[in-house]
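Observations on the model geometry
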Amino acid sequence: GGCRDVISGLPEALCCHILSFLPTKEAASTSVLSKNWRYLFAFVPNLDFDDSVYLNPEKEKKIPTSPRDFMAMIDERENRISTSFMDFVDRVLALQGNSPIHKFSLKVRDGVDPVGINSWIDNVLERGVSNLDLDIGLESEFLLSSKIYLSKTLVRLKLKFGYSPTLDVEDVHLPKLKTLYLDPVHFEKHGVGLTKLLSGCHMLEDLVLDDISWFIWDFASVSVTTLKRLTFCWGERGENAKSVSLDTPNLVYLKFTDTIADKYPKVNFDSLVEAHIDLRMSEEQMGLTHFLEEASFEDLQIHYSEGHGENDLVGNATAFIMGICNVKILSLSANTLQVLTYSCEAIPLFNNLTHLTIESNPEVGWQSLPGLLKNSPNLETLVFQGLLHKAMDRCGDVCLCKPCEEGIPSCLSSSPVKVLKIQKFGEIGDYYDDMEKQREQIKYFLETMPNLEQMILYYNTPIDEDVIEASRQLERL
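Residues numbered from 1 in each chain as written. Predicted model: local features only at pLDDT ≥ 70, side-chain atom pairs only at ≥ 80, totals over all residues. Heavy atoms only, no water.

The name that an unreviewed UniProt entry assigns to the protein is F-box domain, with the source organism given as Arabidopsis thaliana x Arabidopsis arenosa.

In structure tokens:
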């Protein structure tokens with residue numbers, strides 16, 4: 001009738017495999033279970049160290065009575081915690097000796113010795129680590145071990161930093177690396193540094209560049225023929241990058257968030273299947289756009305008399321937009337709709353596009369939508385993330401901002417779309433009649449889209465009664 005220890009009877013290799021899914025501190029705690037478990041965790045192929053688990057020290061024996069005493073207590077506690085954490089990592093690595101290692105994950109905050117961090121990295125590199133995940137939150141400058149760029153075994157490398165370190169890339173040879181994640185880092189030689197790093201990754205398939213400030217560089221280039229997935233995100237609107245080249249002929253997935261570059265010398269996305277684009281104008285360009293939308297006739301005449309043309313672009317994203325025209329699944333932010341309106345010479349033909357998602361914003365008009373829908377002859381599914389947008393005279397015939405001219409058919413009348421999805425239906429903006437406008441827009445879609453087979457509404461109203469009332473009114477359409 002007593003409980004039987006089933007796990008201890010399992011083969012050691014299987015026990016090690018089970019322990020590899022635990023944070024290393026928890027795996028180490030199993031050593032007290034029995035003699036069989038005492039050193040078992042030392043052979044675990046995955047190590048996961050996180051200094052935050054040491055941030056719950058015992059209650060202080062003496063309560064500080066002044067700000068000075070309080071700060072001294074905090075400093076003493078941090079020193080004690082970092083020393084304890086470093087001793088633990090040192091002991092585990094020493095206990096493992098030269099045994100092979102698959103994954104090494106390290107998350108540390110300020111207070112841990114940078115020299116110790118690099119010695120740990122060198123240790124696992126020498127033991128053939130294939131998955132290296134570093135989250136270094138030091139507040140001081142940190143120079144990463146150069147050995148990391150010459151690993152013959154790394155398959156996945158993730159570098160995440162609090163205080164952006166400077167990567168001084170010289171020799172790079174990462175013959176097996178398939179996944180590279182950088183967030184955020186500075187390159188000693190800016191665009192040259194990134195180019196050199198990527199040139200040494202001959203098998204790279206997945207690249208994430210998060211919070212990389214390449215707008216301060218003379219040029220930025222991502223040229224990797226093996227790349228299949230690319231994510232780039234620069235969250236601040238800020239300034240325009242000077243030059244961005246993207247030569248990735250085998251890329252199938254793209255997620256791109258950036259301010260328009262001054263130029264795009266090369267954009268090669270020939271194999272692209274899915275793209276999520278949030279391309280936006282700089283603050284200065286936004287100011288000019290706002291002026292063009294809100295200025296009086298007299299102010300516009302003065303603007304044009306100063307040498308500005310009526311059809312002048314606000315920035316030029318034409319090359320980038322042309323580069324994604326082979327895509328099949330496309331998601332565009334409201335910012336990108338604005339870019340299509342003011343920063344694109346012409347909307348290209350999206351012959352392969354079957355699924356399009358549009359984000360709406362009450363501050364952005366739909367001027368570019370008619371051209372986009374007309375140039376998507378094989379579109380089957382259209383998704384609106386909200387219907388609220390800025391009413392503009394040039395919104396065309398996709399919406400009801402401006403009554404359609406008599407005898408001129410809507411671009412929706414030739415739309416091939418079979419499935420229409422409306423997300424955030426019922427959201428309320430700044431106007432009392434927003435709900436009524438959305439119902440009228442739904443009615444307009446139903447009346448003008450001849451191939452529509454299915455319409456799906458995702459309600460976003462704060463009150464249940466609103467959903468019921470909206471449903472009743474839609475049933476009468």
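Thoughts on the sheet that holds strand β11 (residues 244–247)
Worth spelling out the cut-off: Note on pairing: DSSP must find at least two bridges between two strands before they are called paired. Here a helix means four or more residues in a row that DSSP labels H or I, a strand means two or more in a row labelled E, and each is numbered from the N terminus.
With respect to topology, three strands assemble into an open sheet ordered β9-β11-β13, the strand pairing being parallel. The strands lining the two open edges of the sheet, one partner per strand, are β9 (220–223) and β13 (267–268).

Things to note about the nonpolar core
Stated precisely, the cut-off is as follows: Note on terminology: a nonpolar core comprises buried Ala, Val, Leu, Ile, Met, Phe, Trp, Tyr and Cys residues joined through side-chain atoms within 4.5 Å. Only protein chains enter the area calculation, which uses a 1.4 Å probe; residues under 20% of their type maximum are buried, those over 50% are exposed, and those in between are partly exposed. Contacts were defined at the residue level, with two residues in contact if any of their heavy atoms lie within 4.5 Å.
By size, the foremost hydrophobic cluster in this structure holds 116 residues, and its most contacted members are F104, I148, W214, L254 and F320. Broken down by element, this core gets its largest block of residues, six residues, from helix α3 (residues 67–96). Setting aside residues up to four positions removed in sequence, W214 forms contacts with L194, L209, A220, V222, F232, A241, V244, F256 and D258.

Some details on unusual backbone geometry
Residues other than glycine seldom take positive phi values, yet D211 does so here, at roughly 65°. Within the element layout of this structure, D211 appears in the loop between β8 (206–210) and β9. Positive phi outside glycine occurs at K424, with the angle close to 60°. Mapped onto the elements, K424 comes out in strand β18 (residues 419–425). On the basis of relative accessibility, which here comes to 38%, the residue K424 falls in the partly exposed class.

Observations regarding the pairing of strand β15 (residues 329–332)
The following threshold applies: Handedness rule for crossovers: strands pointing away from the viewer, path from the first strand over the helix to the second running clockwise, crossover right-handed.
Of the strand pairs in this sheet, strand β14 (residues 274–280) and β15 are connected by four bridges, and their pairing is parallel. Following the sheet pairing, A275 is matched in β15 by L330. The sheet contact formed by β15 and strand β16 (residues 355–359) spans four bridges and is parallel. Looking across to β16, one finds that L332 is bridged to I358. Considered for its hand, the β-α-β crossover made up of β15, helix α9 (residues 334–342) and β16 is right-handed.

Side note on the pattern of salt bridges
Rules: Criterion for a salt bridge: a side-chain nitrogen of Lys or Arg within 4 Å of a carboxyl oxygen of Asp or Glu.
On inspection of all chains with the given rule, the structure shows nine salt bridges. One salt bridge connects K160 with D183, and the closest N-O pair in it is separated by 3.5 Å. Here K160, found in strand β4 (residues 156–161), pairs with D183, found in strand β6 (residues 179–183); they are 23 residues apart in sequence, far enough to count as distant. The buried category is assigned to D183, whose relative accessible area is 8%. For E170, the salt bridge identified is with K189, shortest N-O distance 3.3 Å. You can see E170 sitting in the loop between β5 (166–167) and β6 and its partner K189 sitting in the loop between β7 (186–187) and α5 (191–199), a full 19 residues away along the chain. Here the salt bridges share partners, and the residues they tie into one network are D122, E126 and K147.

A closer look at the packing of aromatic side chains
Condition: The pairing test for Phe, Tyr and Trp rings, Trp by its six-membered ring, is centres within 6.5 Å, and the orientation test on the planes gives stacked under 30 degrees, edge-to-face over 60, and tilted for anything in between.
For the coordinates displayed, the defined rule picks out 15 aromatic pairs. Pairing F187 with W217 gives two aromatic rings, centres 5.9 Å apart and planes at 85°, and the pair type is edge-to-face. Taken together, the residues F187 in strand β7 and W217 in the loop between β8 and β9 connect sequence positions 30 residues apart. Given the relative accessible area of 2%, W217 is considered buried. With a centroid separation of 5.6 Å and an interplanar angle of 75°, the aromatic rings of F425 and Y459 are classed as edge-to-face. Taken together, the residues F425 in strand β18 and Y459 in strand β19 (residues 454–459) connect sequence positions 34 residues apart. On the accessibility criterion, F425 (0% relative accessible area) is buried. Owing to a relative accessible area of 31%, Y459 belongs among the partly exposed residues under this scheme.

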